[in-house]
Every structure is written in C-alpha cells, then in structure tokens.
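Analysis of the macromolecular model
Letter by letter, the chains look like this.
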Amino acid sequence: MRIGELGRRAGVSTRTLRHYEELGLLEARRRANGYRDYDERDLAVVAEIRSLVDLGFALEETRPFVECLRAGHPTGASCAGSRAVQLRKLAEVDEWLARLHAVRRELVAQLADPPAPRCHFSEEN
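Residues numbered from 1 in each chain as written. Predicted model: local features only at pLDDT ≥ 70, side-chain atom pairs only at ≥ 80, totals over all residues. Heavy atoms only, no water.

You'll find the chain entered in an unreviewed UniProt entry as MerR family transcriptional regulator, with Pseudonocardia zijingensis given as the organism.

Two aromatic rings are characterised by how far apart their centres lie and by the angle between their planes. Within the structure shown, the criterion is met by one aromatic pair. An angle of 75 degrees between the planes, with centres 5.8 Å apart, marks the rings of Phe57 and Phe65 as edge-to-face. The side chain of Arg2 reaches across the aromatic face of Tyr35, ending 4.2 Å from its centre. (Phe/Tyr/Trp six-rings, centres within 6.5 Å; stacked < 30°, edge-to-face > 60°. Lys NZ or Arg CZ within 6 Å of the ring centre and 35° of its normal.)

As a further point, take the UniProt feature "domain: HTH merR-type" (unreviewed entry) in the chain. Within the UniProt annotation, "domain: HTH merR-type" (unreviewed entry) is assigned to residues 1-68. With 57% helix and 6% strand, residues 1-68 has end C-alpha atoms that lie 22 Å from one another. (UniProt positions renumbered as here; feature names shortened; annotations may be inferred. Helix = DSSP H or I, 4+ residues; strand = E, 2+ residues; numbered from the N terminus.)

Another point: the packing of helix α1 (residues 3-10) against helix α2 (residues 14-23). Two elements in contact, α1 and α2, have axes whose closest approach is 9 Å; the angle formed by their N-to-C orientations is 105 degrees. By the angle class used here, α1 and α2 are roughly perpendicular. Of the residues in α2, those touching α1 at Ile3, Gly4, Leu6 and Gly7 are Thr14, Leu17 and Arg18. Of the residues that constitute the contact of α1 with α2, the class distribution is three nonpolar, three polar and one charged. (Axes fitted to C-alpha atoms, helices over the stretch in contact; angles between N-to-C directions. Parallel < 35°, antiparallel > 145°, perpendicular 65-115°, else oblique. Contact = heavy atoms within 4.5 Å. Nonpolar A, V, L, I, M, F, W, Y, C, P; charged D, E, K, R; others polar.)

Enumeration according to the criterion identifies 11 salt bridges in this entry. For the salt bridge of Arg9 with Glu5, the shortest nitrogen-to-oxygen distance reads 3.9 Å. Within this pair, Arg9 and its partner Glu5 are both found in helix α1, separated by four residues, close to a single helical turn. Residue Asp39 pairs with Arg41 through a salt bridge whose shortest N-O separation is 2.4 Å. Overall, Asp39 belongs to the partly exposed group, its relative accessible area being 22%. Judged by its relative accessible area of 60%, Arg41 is exposed. Salt bridges linked by common partners bring Arg29, Asp39, Arg41 and Asp42 together as one network. (Salt bridge = Lys/Arg side-chain N within 4 Å of Asp/Glu carboxyl O. Buried < 20%, exposed > 50% of the residue type's maximum accessible area, 1.4 Å probe, protein only.)

Right, let's get into the side chain of Asp42. For Asp42, the position within the fold is in helix α3 (residues 40-54). Each residue touching Asp42, except ones within four places of it in the same chain, is listed here: Leu6, Leu26, Glu27, Arg29 and Asp37.

This part covers the environment of Val85. Note on placement: Val85 falls in helix α5 (residues 80-112). Note on Val85: relative accessible area 4%, which makes it buried. In contact with Val85, other than residues within four places in its own chain, are Phe57, Glu61, Pro64 and Phe65.

With that settled, the discussion passes to the side chain of Ser82. Positionally, Ser82 belongs in helix α5. According to the relative accessible area criterion, Ser82 is buried, its value standing at 0%. Of note is the side chain of Ser82, whose polar atom sits 2.5 Å from the backbone oxygen of Gly76. Ignoring anything within four residues of it in the chain, the contact list for Ser82 reads Pro64, Phe65, Cys68, Gly76 and Ala77. (Polar contact = N/O pair within 3.5 Å; in protein donor to acceptor, adjacent residues only side chain to side chain.)

Here it is, written out as structure tokens:
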C-alpha cells in the first residue's frame, strides 16, 4: 500500500509516517517508480507505536517494541527489551502517582485547617 493508504488505515498523517521513517521506526520499501510501499506488518508497527505513545511512551521508547514486531513476534511486548522499557515506564508512573498523592495530602490538610485571614475588610463604608 502507498503512504496515503497506510496513513488513512492507521489514523495518522503522511507527515507522521515520514517522521517515523526518519527515526528508523518505519521502513519503507520503494517501488520502481520511487513511491513508498508498505504492507500489513507496517500497519501493525504504526498501530503499536500509536498505542504506546497514547500510554505516554516517547517515540524512542517504542523502538524495542518495533524491533520485536519486525523480528516476527506476535506482539511488540513479547521481547525482553520491550519488557525492560515497560518496567521503567511503570516505575515512572509509580513516581508520578507518589508525587500526586503527596500533593493531594497537602491540599486536604490545607483545606482541613485553613489559615487565618491576612487582612480584614470592614463594612463601615
């Protein structure tokens, strides 16, 4: 399939596909006329990249998943390199959650014990 069809089927722009190609995440074959040519495996790669980006992975973090798919594995998460990236991302998420819980505890504490007003307005006017 050509780049436009891949973009339509994957739900991304042709510019995005070219960017993936520049990063080495997507490998386009060239037809005799110079047009890029893609197949169903490329569609699976783009779907994997989009799914991971939607979960908060940076494009470079998707590389092990892409390589795993290219190696013929059924999913991008089937390989040890992919699992290692998932574990690092999970640790990041746990850190974010801990920080958010600390912020929440502080806000709850402030709401439970509001500070005394700093200035008082009189109603004499």
